[in-house]
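# Coordinate analysis (summary)
Next come the chains, spelled out residue by residue.
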Amino acid sequence: QLSRSPLSNTQTPKTKKSRISCKEKTSAEDGVVENDSVFVQLIKTAGITLNAGERQNDIAVDQAIFQKKLCQILRKHPFYPHVVQEFVSGLETHIKDRDQFRNCLLPCAPVQGEGTRSEKMHFFLPAPRSYVGTFGTNFPRLIVNQFKWLDKILDSKELVMKLMQMVSVSPAPIQHDIITSLPEILEDSQQSEVAREVSQLLKRDTRLTVPILDALSSLDLDAGLLAEVRQSAMIIVPAVKLEDLPVVIKFILHNVKAVDAVEVISALRKSLDLSSCILPLQILSSQRKLKSQPQTSSSTSEVSSSQNCVKLLFDVIKLAVRFQKGISEAWIKAIENTISVSDHKVLDLIVLLLIHTTNTKSRKQIERVLRNKIPLGCLPEQLLQSAFQNHSLVIKDFFPSILSLAQTFLHSADPCVVSFGSCMYKQAFAAFDSYCRQEVVSALVTHVCGGNDVEVDISLDVLTDLVTLCTSSLIRYATFVKNVLDYTEKLNPQQIRKLFYILGELAFSQRQEDCYIQDDMHMVIRKWLSSTVPKYKQMGIIGAITVAGCMAAKSKEDGCSLERTQQSEEHCRQLSILLDLVSYCCEQSPEALALYYDELANLIEKQKGNLDSQILVFEFANMMLTTTDNWFLCSVHLFPVKSLYNLDEDESQGTIVINLLPLLSQNSLTISSFSRIVSPECLSPSFRLLRLYTTEQHNGSMEEIDALLGCPLYLTDLEIERKLDSLAKQEREFLCSLLFHALNWFREVVNAFCQQQDLEMKGKVLTRLQNITELQNMLGKCLAASPGYVPPPAIFDCEALEAAPPVNAVGLVKKKKTGRENYPKILMQTICGQGFSRIAYDFKYLGSQQGKACRNIGFSHLCQRSSQEVAQCAVELLKPLCNHMENMHNYFQALITENQGVVDGPRVNIQEHQLMSSCYQQLLQAFRLLFAWSGFSQRENSDLLRSALKVLADKLKPGETEFLLLEDLISESFHYLLNFQHSVPNFQCALTLTQLLIVIAEKPMASWKKDKIASLAKQFLCQSWMQPSGMREKGSQFSNALHTLLCVYMEHTDNILKAVEDISSVGVPELINSANDGYSSTYPTLTRFLLPMTQGSFSLQEDVQSLLKTLQLSTRQLHHMCGHSKIHQDLGLTNHVPLLKKSLEQFVYRVKAMLAFNHCQEAFWVGTLKNRDLQGNYTYIPSLWSSMGTHSQASSSPAITSLG
């Protein structure tokens, strides 16, 4: 029948009508579509079975075989080509059913039971239900997806045009599907045009960012279009969704070339801000955590999703760094080129860590960048904390680099870098898992055991912070920390304190203590206490008291449970045993006993308000009262004594006397059955313990022991100091020791009562300060008459404590405290309530934190405080210190006015002038050390810096500084300090004032401040500095200060060459032509200068030429001076000739080398200078060896310098 029907045009409508009306029959059992249509039959014959419902169509052969068979069937059909139209009509009829249409769009399912090939197809293709679950009923996506697999397209241009039209009118999901399919649909010739059209969508709709960039990354773009698209992508970076950000960054980095890498990445790091990646939900999550509120599963999921997106972002960067040449160098360069502190981001730090981990060749460069950025405040510790707290999932992958960098930074000489390294340790321990924490603790313990003082201190400080903030976490690694006990040989006393505090906190801070740590500590302490070596006994005392403080600390847990009570009782029992042991081991050693008292006093002062009085304070009281009775009793006198310095008019209080001279004159004193050495060395430590205990018990009041402020001392008649020459050596040294102990007693009394508000006490404190000044003068005379005298010890935790024999009448013991302090420090104590020398030492200690740890004897109490605590105390003292400095200023201004500007006038008291000058110097130095503290660059200390600057600014604008900006506060402070320039009494004070102004101006340095400093430095260089005696200042100290100030002038002047030329053309000729005193009238302080600065500035040809011509005259004159010394046979001058000639030769050859380096060597030649006298006349000196000199040669080149 088909053969008789030729399917002519007249039959087409009828045939078409029969096809439309034809009904397909579906098997109810298997859902197979069965009918007699050409479409169904030919498809079935080719190998595909059409299914109805939700079942996908089945394919029995390979897809390529199916296509080949179908084409062959159609071509061999008797009604070809008309059968093709009938086949298409059958397809249209078949897909009118929605389920059948979906099945045709879905991949076919391979038929089971077809052997190995069918099984393999089933393995690679999902089950039928999974397709439906994946695609669902999203017909647009299914339809667009079919365009990817078309073998032949009749009119691809028309197809693309229709697709782009659909993009402009379709919903976002359909736009997404169309755009992502374009690379598979487009022909090569269409890619550029379509890419440009698609790129415009980036600017209109950021929702399409991911599909557009995904599509463009697969297209071949020309350089111009690529740059344009990259710029468009760069613009939308700040606004793109977090989950889309990795795709955007991948596109930007994937297509960047090495030539454009720095520019592209610089723009990218400016646009990319990780703070936007911290979702508000994360902040809410942290708040809920603080409030102990449970987080919902949805919030946890969103936070996790956010962190995963950030991790994907850095994975993209990591791949670019690893596989794209020039990306890592470009990142590093972009960060290096960032100047402003505020422009640095968390991104910079994480990327540097990423590069350090990924690219081993760049590690040294990364370390250099970090070392340069950290001191400038570009990478503050707050930024490091933000990186660890908000992006720990990312940073954890870089843990090896973090550990390596932290270890390296702890070796640095810069305290900012060291602090940054310690912060890396702390943040890594807090943010990472148990393995990383173990590695951190191991690294810190290695530092402690390494022996380097700075590393030991920093590592112990880190462990102290960890044991305070993360006690429960650190306990798991207590065994590692305990191993440090085997390496205590090289630890100093302060480090021993830190170590035992850490171990004590680990052992006693938890309910279930780590008994093995307690046992090990007690064993080591007993071993040290029982040792006869003073160093080990000292370590045992320090360790025992530190552990006692941990045992006596108030519990962090509230409540009075039975378990807590039992624990307290056990601690009390252990504490009593420990203190009894320490007390027993210290009885026969005054130094050990004094150290014991000092350590107890330090513990009360440090743990103020945090000690359990039922456990510890009463133990202190019982021990202290048993001991101190010996100090304040009258006793049998072995030598004539005299009661001096009594401030109490009431004679009834005369029974309280400091029994100083009798105790000093005997080796020991036995009272009842209590056998203990009573030495004057223990007097001050025991009183300090008494007064700290009293203030702890009475809320700072000293009324309970106020009688000690005015009570007399048993001394001798001090008129004897006028007869020192008639005394024996032993008697003079005994008198020195007596005055030494009396001074220390009064100082301790002043420190104790200086903060009391009672007017009577304040008056007595001032009187005691006068007593200190008087005794200091006496001690100075006695020391001058007692060469070789060594004062008794007053600091008992020195690192090299020698064996301590019983104190004899002379009191000869190894160490000294401050027995030979100079007079200015005593005057400082007189003018300041708490003792000005202590303030100066505090500032000195604060300054010492800039570099290596200070180990000067006398800083033991101060070393137990952090730099922040010292700075806080120093800032609180700024106001009275400003008053003192203004008084100094007024004093010298009045002195200058009184003597009509003459420093060495007849009315000048030389000794007083020297005293006040030293005080002025100490004040300026204290200010400089405070404001030079590197901690002010850290953000957490910004408020402290403002407080310090406000004190200075208030002097010029009282009451107007509360709301001033930091820059305004710096300017006002600078102007305030600049006012002191007219009163500085000597060159050293002038230099210190200049350095102080530099420190203030560097926060930051403005151009007008730089000009002011240069002008001030020149003013000081042009000033004639005379001593009150009429002599000019000179000596090595003056020379060093002169060199420093000259360098300051050169660094801050606008034109270095002009400044050097001015000095060489004005100052040097004046010096040469001066009289025997040998100084320039314009630059009285200068006699020489350096050449090397000209070499770096040779590009300024005219200036250098003029300068060298001026120097040429100086070399001739110096050569003539050598001849002059030979003619007159002046041995004093002749001795300097060889060194001068050597310097001249070095100068000549340096000039020659500089000219050669700048390609001007033809302008230089060497000749022999004729011998002349100082007037320039020729002279003949047969014995004078020939001299090398330089002569000029004419040249037309303006760059040539003539020398002669």
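Computed from a predicted structure; not experimentally measured.

Moving on, we come to the overall build of the chain. Helix and strand content of the chain: 55 helices and 9 strands. Considering the chain as a whole, with its 1204 residues, one finds that 49% of them fall into the buried category. Nonlocal contacts in the chain, meaning residues at least 24 apart in sequence, comprise 72% of its contacts between residues at least 6 apart. Surface accessibility of the chain: about 59000 Å² in total, with carbon and sulfur atoms responsible for 52%.

Taken together, 3 strands build an open sheet; the order of strands is β3-β4-β5 and the sheet is mixed. The open sheet has two free edges, formed respectively by β3 (48-49) and β5 (109-110), since each of these has just one partner strand.

Turning our eyes to something else, we now look at the packing of helix α20 (residues 363-373) against helix α23 (residues 399-409). With their axes 12 Å apart at the nearest point, α20 and α23 run at an angle of 55 degrees to one another. As judged from the angle between their axes, α20 and α23 are oblique. Read as a crossing pair, α20 and α23 show a hand that is right-handed. When α20 is examined against α23, the residues Glu367, Leu370 and Arg371 are found in contact with a partner set consisting of Leu405, Thr408 and Phe409. Among the residues forming the contact of α20 with α23, the class breakdown is 3 nonpolar, 1 polar and 2 charged.

With 6 of 8 residues buried, helix α12 (residues 209-216) lies mostly within the body of the structure. Of the positions making up α12, those classed as buried are Thr209, Pro211, Ile212, Leu213, Ala215 and Leu216. Turning to α12, the residues buried within the fold contact α10 (172-185), α11 (191-204), α13 (223-236) and α14 (245-254).

Below, the discussion takes up unusual backbone geometry. Cis geometry is adopted by the peptide bond preceding Pro81, which originates at Tyr80 and carries an omega value of 15 degrees. Residue position: Pro81 is located in the loop between α3 (63-76) and α4 (82-94). Here Tyr645, not a glycine, exhibits a phi torsion of approximately 65 degrees, which is positive. Mapped onto the secondary structure, Tyr645 falls in the loop between β6 (642-644) and α35 (660-664). By relative accessible area, Tyr645 is classed as buried at 14%. If you check the backbone angles, Asn699 has positive phi at about 55 degrees while not being a glycine. Here Asn699 lies in the loop between α36 (683-697) and α37 (707-710).

Our next topic: the environment of Pro400. When you line up the elements, Pro400 lands in helix α23. Given a relative accessible area of 55%, Pro400 falls into the exposed group. When the C-alpha atoms of Pro400 and Thr357 are compared, they prove to be 7.5 Å apart, with 43 residues separating the residues in sequence.

This next bit is on the packing of aromatic side chains. Going through the model one piece at a time under the given rule, you end up with 18 aromatic pairs. Between Phe1020 and Trp1025, the ring centres sit 5.9 Å apart and the planes meet at 55 degrees, which makes this aromatic pair tilted. A relative accessible area of 0% places Phe1020 in the buried class. For Trp1025, a relative accessible area of 5% gives the class buried. Site record: aromatic cluster; members linked through ring pairs are Phe987, Phe1020, Trp1025 and Phe1038. If you follow Arg437 out to its NZ or CZ, it ends over the ring of Phe429, 5.3 Å from the centre. The cationic tip of Lys606 hangs over the ring face of Tyr501; the distance from NZ or CZ to the ring centre is 5.8 Å.

Here we take up the packing of helix α25 (residues 434-450) against helix α26 (residues 453-469). At a closest axis distance of 7 Å, the pairing of α25 and α26 adopts a crossing angle of 145 degrees. Seen from above, α25 lies across α26 with left-handed handedness. Listed contacts from α26 to Leu444, His447 and Val448 of α25 are Glu455, Val456, Ser459, Leu460, Val462, Leu463 and Leu466. Taken together, the residues of the contact of α25 with α26 sort by class into 7 nonpolar, 2 polar and 1 charged.

Another point: the pattern of salt bridges. Under the counting rule described, the total for this entry stands at 23 salt bridges. Two residues, Arg269 and Asp348, come together in a salt bridge whose shortest N-O distance is 2.6 Å. Of the two residues, Arg269 is situated in helix α15 (residues 261-271) and Asp348 in helix α19 (residues 346-358); the sequence distance between them amounts to 79 residues. Given the relative accessible area of 3%, Arg269 is considered buried. We classify Asp348 as buried; its relative accessible area is 1%.

Residues with a pLDDT of 70 or more make up 75% of the chain, whose mean pLDDT is 76. Taken together, the stretch residues 632-638 has pLDDT below 50 and engages in 18 contacts with residues farther than four places along the chain or on a different chain. The model gives residues 1089-1100 a pLDDT under 50, and that stretch makes 27 contacts with residues more than four places away or in other chains.

With respect to the helices and strands, Lys345 occurs in the loop between α18 (327-336) and α19. On the accessibility criterion, Lys345 (17% relative accessible area) is buried. Here the alpha-carbon distance between Lys345 and Leu383, two residues 38 residues apart in the chain, equals 7.3 Å. The contacts of Lys345, once residues within four sequence positions are left out, are Arg269, Lys270, Ser271, Leu272 and Leu383. Polar side-chain contacts of Lys345 include one of 2.6 Å to the backbone oxygen of Arg269.

On the surface, a nonpolar cluster with roughly 220 Å² of combined accessible area is contributed by Tyr80, Val84 and Val88. Along the polypeptide, Val88 turns up in helix α4.

Moving on, we come to the nonpolar core. Across soluble globular proteins, nonpolar side chains have a tendency to be buried as a group. By size, the foremost hydrophobic cluster in this structure holds 166 residues, and its most contacted members are Phe314, Trp331 and Tyr596. Tallying contributions element by element places helix α33 (residues 590-606) first for this core, with 10 residues. Not counting residues up to four positions away in its chain, the partners in contact with Phe314 are Leu274, Leu347, Ile350, Val351, Leu354 and Val394. Counting residues in hydrophobic clusters, the runner-up holds 67 residues, among them Met916, Phe936, Leu949 and Leu1045.

Parameters at a glance
- Residues numbered from 1 in each chain as written.
- Predicted model: local features only at pLDDT ≥ 70, side-chain atom pairs only at ≥ 80, totals over all residues.
- Heavy atoms only, no water.
- Helix = DSSP H or I, 4+ residues; strand = E, 2+ residues; numbered from the N terminus.
- Buried < 20%, exposed > 50% of the residue type's maximum accessible area, 1.4 Å probe, protein only.
- Contact = heavy atoms within 4.5 Å.
- Areas by Shrake-Rupley, 256 points an atom, 1.4 Å probe, with all protein chains shown as cover.
- Pairing = 2+ DSSP bridges.
- Axes fitted to C-alpha atoms, helices over the stretch in contact; angles between N-to-C directions.
- Parallel < 35°, antiparallel > 145°, perpendicular 65-115°, else oblique.
- Left-handed = near helix turned anticlockwise from the far one by under 90°.
- Nonpolar A, V, L, I, M, F, W, Y, C, P; charged D, E, K, R; others polar.
- Phe/Tyr/Trp six-rings, centres within 6.5 Å; stacked < 30°, edge-to-face > 60°.
- Lys NZ or Arg CZ within 6 Å of the ring centre and 35° of its normal.
- Salt bridge = Lys/Arg side-chain N within 4 Å of Asp/Glu carboxyl O.
- pLDDT = per-residue confidence, 0-100.
- Polar contact = N/O pair within 3.5 Å; in protein donor to acceptor, adjacent residues only side chain to side chain.
- Patch = residues over 30% accessible without salt bridge, like charges linked within 9 Å, V, L, I, M, F, W, Y side chains within 5 Å.
- Core = buried A, V, L, I, M, F, W, Y, C linked by side-chain atoms within 4.5 Å.

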